[in-house]
Amino acid sequence: MIAPVQHDLAPNITDAALIFEGGGMRASYTAGALVTLLEAGLHFSDVYGISAGSSHTVNYLSRDIWRARASFTDFMATPGTSGWGLLLRGKGYFNAHYIYEEACLPGGLLPYDFTTFSNNKARAHIEAYCYETGETAYFTSSDMPTLLDLMRRVRASSTMPFFMPPVQLDGRTYYDGGLGDSWGIPLAQAKRDGYERFFIVRTQPRGYRKSPDRHPALTRALFAGRPRVAERMLERWKRYNAILDEIDALEREGRATVFCPEEMSVKNTTTDLVALRAAYEKGYAQARRALPAWETWLAG
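Residues numbered from 1 in each chain as written. Predicted model: local features only at pLDDT ≥ 70, side-chain atom pairs only at ≥ 80, totals over all residues. Heavy atoms only, no water.

Colleague: I tried to follow the nonpolar core on my own but got confused; where do I start?
Modeller: Nonpolar side chains in soluble globular proteins generally cluster together in the buried interior. Formed by 69 residues in total, the largest nonpolar core has its most connected members in L18, F44, Y60, Y112, F117, L150 and F199. By size, the runner-up hydrophobic cluster in this structure holds 18 residues, among which are Y48, W183, A190 and V258. (Core = buried A, V, L, I, M, F, W, Y, C linked by side-chain atoms within 4.5 Å. Buried < 20%, exposed > 50% of the residue type's maximum accessible area, 1.4 Å probe, protein only.)

Shown next as structure tokens:
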């Protein structure tokens, strides 16, 4: 369902950036944090997201609690949204065209409240990786004047290599924003925009660090026709870990508050509805417990 358009869409948090990490279906857990923020009336003026975090970003800015939860739980039980058969037919393990460009339409299974998004005075910031230029593409609310413009950019940001076909936008090819210069957590762009305080929603437990690819030759073979993708994937672990070190330092300084899952029982490709619902409920319960501390930190 689409919630009625809200009249007061002014943000009430202007001195901290809200940042959503990517992570595929691990976002079922962090959807609980998103819902808690909306229920508490905590509305940031600038929201940053990559990959699954870009879906969180636009759901948050539409202020649609139902869609924020359903996107990574109930909707994934819909036939035709995922599966190896789809991948073999060239649609991707996740049927991205349907998920992002059809289900969002009025009358679709996951309709999107574009009117509220458009009227929201807060700004969306999402990132994707442009193959032709080898550079990060930065999209903001001004790049999304229509529902299709918005969802195609969310799709571009969310295009996990191998599991989803790349997206064509204005004659260029785009992959998951996790391959871009933010490496999955768009902290750098929030800093460039002048923010010094950060509310960061992560999709991995505290202390997690990525390991180097154990099969680099296989990765290069899988993307033999797209060598830049392979090299970014092989480099990502080191760059991602450096960002986590930076986030830990910001948190020690009091400049960041970070939501990290207490446990993570699903993978980025999990589609089992029972597991996804359980992850959401755990994330929601953790976020509700953390809410008083969040409000204290946000009060400065």
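Let us keep going from here.
Colleague: Help me understand unusual backbone geometry, please; the structure alone is not making it clear to me.
Modeller: When glycine is set aside, most residues are seen to have a negative phi, and most peptide bonds are trans. Positive phi is not limited to glycine here, since S51 has a value of about 55°. Within the element layout of this structure, S51 appears in the loop between β2 (46-50) and α2 (52-62). The backbone of F162 shows a phi angle near 75°, a positive value even though the residue is not glycine. Relative to the helices and strands, F162 is located in the loop between α7 (147-157) and β5 (167-169). (Helix = DSSP H or I, 4+ residues; strand = E, 2+ residues; numbered from the N terminus.)

Colleague: What should I look at first to understand the packing of helix α1 (residues 27-39) against α2 in this one?
Modeller: Viewed as axis vectors pointing N to C, α1 and α2 meet at an angle of 20°, and their least axial separation amounts to 11 Å. When the interaxial angle is binned, α1 and α2 end up roughly parallel. Relative to α2, the crossing made by α1 is right-handed. Contacts between α1 and α2 involve A27, T30, A31, L34, L37 and L38 from the first element and A52, H56, N59 and Y60 from the second. Residues that form the contact of α1 with α2 fall into these classes: 7 nonpolar, 3 polar and no charged. (Axes fitted to C-alpha atoms, helices over the stretch in contact; angles between N-to-C directions. Parallel < 35°, antiparallel > 145°, perpendicular 65-115°, else oblique. Left-handed = near helix turned anticlockwise from the far one by under 90°. Contact = heavy atoms within 4.5 Å. Nonpolar A, V, L, I, M, F, W, Y, C, P; charged D, E, K, R; others polar.)

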